[in-house]
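Observations on the three-dimensional arrangement
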Amino acid sequence: MFAQSHSPEQLALSELDAYLARGWFRMGQAIFTTNFVRFKGEIYSTIWLRILLNDYIADRTQVKLFKQNAVFRTAIQPAHLTIEKEELYARYQLSLSFQTSESLQHLLFGNKDTKSIYTTYEVTVHDGDRLIAIGFFDIGKTAASGITSVYDPAYKKYSLGKYLIYQKIQYCLQLNLRYFYPGYFVPGYTYFDYKLSIGREALQFLQLSSQHWVNIKAFFSESIPYQVMYDKLANAQKLLSLTDLESSIMKYEYFDANLIPDLGETKLFDFPLFLFRPAPSEEDIHLTVVYDVRDARYHLLVCLPLWQPEVTHSDTMVYSSCFLKVFQELHSTTVAEEITDMFFKLVKNNN
């Protein structure tokens, strides 16, 4: 699945390593993965990153920030939450243009108040007695994962967000860890681009099509999964138009519904885009065509509507009428003409 979430009761250090190597990330006390994300109503691909610490070399920015911020007191220790840290997080939130977790407590523990299943450390930065930045990271057996970095907006000119990441990496080097996972970046959404400049020579991305970690230099905009899906479906739609059969490329409102704990076991349809021709009614089966970058094939699917939400999206190009579940795969092929021909015949037969 493109989106999954697990809520383990315990998590060994080696198990965290294995999750991170598959492109997973912590969310409260759960752990999840997703390959697509929505910001300001638009859907983007998420590209997971990691740094090979054996190949990491401190760059000029790290040297500059360590020298510049030497006037502050920096410490690394096991994480613990305080009112002061929550107040800093609240100030940081006000500077953001998108929604984040309501508190550090919620970000690190979710709805649980129990002991964490993660081994979490924190980097704190003080200007005298004033806490001006804090970053959290989880440590596994051979790898670590950066969770979040926040800072006082009044100190923005000191690049404390990057400084915290460099501090985390430096600490992981001292522990002789092999990998540092900074999360994902989002092509087309520049907020996360800063991650691409840290440890660039040692930076890898998880290639969705092969599920292999590849040097970031091999990443090209032409291979962004969401864009590849759209282009392939646009080609199929063009072929269908030659038969006078109308269809639409729809964005799926609930592509990430499997991340909701109560829905994850349902294994809902989770493609962000699909080629679609409306059924006579919402209660009928839905015939859809998707393109899966993981196997580079078109798939003709029969989807069942499970339930209707109370509120739907106002955009007619966003499908939000029902949560969908794949009932049956009818055909799979690498050839657009083949999938559209079968789609056309099935629609005509059903009519």
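Notes on the structure in this doc start here. Chains are numbered independently. Their residues run from 1 in the order of the written sequence. Under the rules for a predicted model, residues below a pLDDT of 70 receive no local features and side-chain atom pairs below 80 are neither given nor counted, while totals for whole chains, interfaces and linings still include all residues. Note that water and hydrogens are dropped before the side-chain values are worked out from all heavy atoms of the structure.

1. Concerning helix 7 (residues 336-350)
Test applied: By the criteria applied, helices consist of DSSP H or I runs no shorter than four residues and strands consist of E runs no shorter than two, each listed in order from the N terminus. Multiply 1.5 Å by the residue count of a helix minus one, and that product is the helix's expected span. The buried label goes to any residue with under 20% of its type's maximum accessible area, the exposed label to any with over 50%, and the partly exposed label to all in between, with areas taken from a 1.4 Å probe on protein chains only. The directions considered for the arc run from the helix axis to the C-beta atoms. Between two residues, a contact is recorded if the distance between any of their heavy atoms is within 4.5 Å.
Helix length check: helix 7 (15 residues) gives 21 Å between terminal C-alpha atoms against 21 Å at 1.5 Å per residue, within 8%. Buried within helix 7 we find Ala 336, Ile 339, Thr 340, Phe 343 and Val 347. The arc enclosing the buried residues of helix 7, seen along the axis, measures out at 95 degrees, which places them on a common side. Here the buried face of helix 7 lies against helix 6 (225-241), strand 16 (286-292), strand 17 (297-307) and strand 19 (323-333).

2. Remarks on the packing of aromatic side chains
Selection rule: Think of it this way: a Phe, Tyr or Trp ring, Trp meaning its six-membered ring, pairs with another when their centres are within 6.5 Å, and the plane angle makes it stacked under 30 degrees, edge-to-face over 60, tilted otherwise. By the criterion adopted, a ring carries a charge over it if an Arg CZ or a Lys NZ lies within 6 Å of its centre and within 35 degrees of its normal.
Following the criterion strictly, the structure yields 40 aromatic pairs and no others. Centre to centre, the rings of Trp 48 and Tyr 184 are 5.0 Å apart; their planes meet at 80 degrees, and the pair counts as edge-to-face. One end of the pair, Trp 48, is in strand 6 (residues 47-52); the other, Tyr 184, is in strand 11 (residues 179-185), with 136 residues separating them in the sequence. Under the relative-accessibility criterion, Trp 48 is labelled buried at 4%. By relative accessible area, Tyr 184 is classed as buried at 14%. Here Tyr 181 and Trp 213 contribute two aromatic rings whose centre-to-centre distance is 5.7 Å and whose plane-to-plane angle is 70 degrees, an arrangement assigned as edge-to-face. One end of the pair, Tyr 181, is in strand 11; the other, Trp 213, is in strand 13 (residues 212-215), and 32 residues separate them in sequence. Look at Tyr 181 and you get buried, because its relative accessible area is 4%. Taken together, the ring pairs in this structure connect Phe 2, Phe 36, Tyr 226, Tyr 252, Tyr 254, Phe 269, Phe 271, Phe 274, Phe 276, Trp 307, Tyr 319 and Phe 323 into an aromatic cluster. Here the guanidinium or amino end of Arg 50 rests over the ring plane of Tyr 179, the centre of that ring lying 4.0 Å away. Over the ring of Phe 2 we find Arg 294; its NZ or CZ atom is 3.7 Å from the centre of that ring.

3. A closer look at the pairing of strand 9 (residues 130-139)
Condition: Strands pair, by our definition, only if DSSP identifies at least two bridges between them.
Taken across its 10 residues, strand 9 has 9 buried, putting it largely inside the fold. Pairing of strand 8 (residues 120-127) with strand 9 involves 8 bridges; the strand directions are antiparallel. For Glu 122, the partnering residue across the bridge sits in strand 9 and is Phe 136. Hairpin connection, strand 8 to strand 9: the antiparallel pair is bridged by 2 residues, and Gly 128 has positive phi, about 70 degrees. Between the antiparallel neighbours strand 9 and strand 10 (residues 143-151) lie 3 residues.

4. Topic: the sheet that holds strand 11
Defined as follows: Note on geometry: axes are lines fitted to C-alpha atoms, helical ones only across the stretch in contact, with angles between N-to-C directions running from 0 to 180 degrees.
Strands sit in the order 7-8-9-10-11-6-12-13 across an open sheet of 8 strands; the sheet is mixed. Of all strands in the sheet, those bounded by a partner on one side alone are strand 7 (73-78) and strand 13. Direction aside, the axes of adjacent strands within the sheet are offset by 30 degrees on average. Helix 3 (residues 83-93) contacts strand 8, strand 9 and strand 10 of the sheet and is inclined by roughly 95 degrees relative to strand 9.

5. Structural notes on the sheet that holds strand 1 (residues 3-6)
Here we have 3 strands laid out as an open sheet, ordered 1-3-2, and antiparallel in their pairing. The open sheet has two edge strands with one neighbour each: strand 1 and strand 2 (25-27). The sheet shows a mean angle of 30 degrees between the axes of neighbouring strands, taken without regard to direction. Relative to strand 3 (residues 30-34), strand 2 runs antiparallel, the two being bridged by 3 bridges. Residue pairing across strands places Met 27 opposite Ala 30, the latter belonging to strand 3.

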